[in-house]
Amino acid sequence: MHSRPKPDGIQLKTPDEIEAMRVAGQQAASVLAMLREHVRPGITTGELDAIAHAYIVDELNGIPAPLNYRGFPKSICTSVNHVVCHGIPGDRVLKDGDIVNIDVTVIQDGWHGDTSKMFYVGEPSIKARRICEVAHQAMVIGIEAVRPGVTLGDIGHLIQRYVEGQRCSVVREYCGHGIGRVFHEPPQVLHYGRPGDGVVLEPGMTFTIEPMVNLGKPGTRLLADGWTVLTRDRSLSAQWEHTMAVIDDGVDVLTRLPDDPL
Ligand code: MF3
Ligand code: CO
Ligand code: CO
């Protein structure tokens, strides 16, 4: 068996294909777990990238999907403080009080696993802790609503309602995505929306939920490097991401390690 395309371009995966994606997903999650002890004041984002690259290639025998993806120059994304997403690892030294999103995508046996988490560098401020917690809960609310028959608009609406109820904002320009043999495939998974709108979920769909949540206004700005996305108002931003499959009785989070919380 092999994945079947739906007319809307969504590739439904078979149970065997979902198991292959779980291998990639667990590997991506293991990279974040491995990196945790390295995220300390004084390390550079480029050093984190080098550690992740070596681990993915040498220990996992995998491929870091971001490297050379549409010209992206590094193996992970590192997005610090008011960087919304797609931060390029480099010479930036992490300092006490920073928050950093590390986004890892591993290709294993042709399948992608994509996940990200926020990390505290030393002791976070109250504001920094709050934006990380609101973004995390936004992702959890989205994941917990996933099951056959629910629409993507339902999911986006639940995330948006929660985030705005916390007087934070949802970034509009970037979204979650279908994933499989292709890194970014249909459908687009918006983190805002209206109940009942959009694609109806069915078993075999695989996609990410990865809300980007700002402490201030939702607007973003793209740096001249063509990748780094900032909050327009320079407020703090946070993001969490999991890859999941829709199954008959709900959702199977492929990038959740055993005994880990979402
Ligand atoms: N991992 C990101 C996502 O969640 C995509 C990064 S694309 C890159 O979709 F080129 F910046 F790596
Ligand atoms: Co993603
Ligand atoms: Co990602």
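Please refer to the structure placed before this passage.
Overview of the structure. What you see is a predicted model, and the numbers here were worked out from it, not measured in a lab.

Criteria and thresholds
Residues numbered from 1 in each chain as written. Chains lettered and ligands numbered in written order. Predicted model: local features only at pLDDT ≥ 70, side-chain atom pairs only at ≥ 80, totals over all residues. Heavy atoms only, no water. Pairing = 2+ DSSP bridges. Helix = DSSP H or I, 4+ residues; strand = E, 2+ residues; numbered from the N terminus. Contact = heavy atoms within 4.5 Å. Polar contact = N/O pair within 3.5 Å; in protein donor to acceptor, adjacent residues only side chain to side chain. Near = heavy atom within 4 Å. Areas by Shrake-Rupley, 256 points an atom, 1.4 Å probe, with all protein chains shown as cover. Nonpolar A, V, L, I, M, F, W, Y, C, P; charged D, E, K, R; others polar. Donors = N, O, S within 2.8 Å, 3.2 Å for Na, K, Ca; no water. Tetrahedral: all angles 85-135°; square planar, octahedral: opposite > 155°, others 65-115°. Buried < 20%, exposed > 50% of the residue type's maximum accessible area, 1.4 Å probe, protein only.

## Here we look at the pairing of strand β10 (residues 185-189)
- Bridge count between strand β9 (residues 176-178) and β10: three bridges; the pairing is antiparallel. Paired with G176 across the two strands is V189, which belongs to β10.
- Following β9, the chain reverses through six residues before pairing antiparallel with β10.

## Side note on the environment of N214
- Among the secondary structure elements, N214 is positioned in strand β12 (residues 212-214).
- The spatial distance from the C-alpha of N214 to the C-alpha of A238 is 6.6 Å, given a sequence separation of 24 residues.
- Among all residues touching N214, those that are not within four sequence positions of it are V84, I131, C168, S169, V171, G219, T231, S235, L236 and S237.
- A distance of 3.0 Å separates a polar side-chain atom of N214 from the backbone oxygen of K217.

## With respect to the site of ligand 1
- Of all residues adjacent to ligand 1, which total 14 residues, the nearest are P66, H177, H184, E210 and E241.
- Between ligand 1 and T105 there is a distance of 3.4 Å, counted from a nitrogen atom to a side-chain nitrogen or oxygen.
- At a separation of 3.1 Å, an oxygen atom of ligand 1 approaches a polar side-chain atom of D114.
- Out of a free accessible area of 340 Å², ligand 1 has 97% covered by protein chains.
- For the shell around ligand 1, a count of residues per class yields six nonpolar, four polar and four charged.

## Considering the coordination of the cobalt ion (ligand 2)
- Distances from the cobalt ion (ligand 2) to its protein donors, D114 (OD), H177 (NE2), E210 (OE) and E241 (OE), fall within 2.0 to 2.3 Å.
- Considering all six donor atoms around the cobalt ion (ligand 2), angles at the metal cover 52 to 160° and the coordination shape is irregular.
- The distance between the cobalt ion (ligand 2) and the cobalt ion (ligand 3) is 3.3 Å, with D114 acting as a donor to both metals. Of the two residues, D114 sits in strand β7 (residues 111-120) while E210 sits in the loop between β11 (206-209) and β12, which places them 96 residues apart along the sequence. You'll find D114 and E210 in the same group, each marked buried.

## Brief notes about the side chain of S75
- Within the secondary structure, S75 is located in the loop between β3 (63-64) and β4 (77-80).
- For S75, a relative accessible area of 1% translates into the label buried.
- A distance of 2.8 Å separates a polar atom in the side chain of S75 from a polar atom in the side chain of H53.
- Not counting residues within four places of it along the chain, the set of residues in contact with S75 comprises D49, H53, P64, P66 and L67.

## Topic: the coordination of the cobalt ion (ligand 3)
- Within the protein, the atoms that donate to the cobalt ion (ligand 3) are D103 (OD), D103 (OD), D114 (OD) and E241 (OE), at distances of 2.1 to 2.4 Å.
- If you look at the cobalt ion (ligand 3), its six donor atoms make angles of 58 to 166° with each other, and the shape they trace is irregular.
- Sequence spacing of the donors to the cobalt ion (ligand 3): D-x10-D-x126-E.

Limitation: the analysis is restricted to geometry and does not speak to function.
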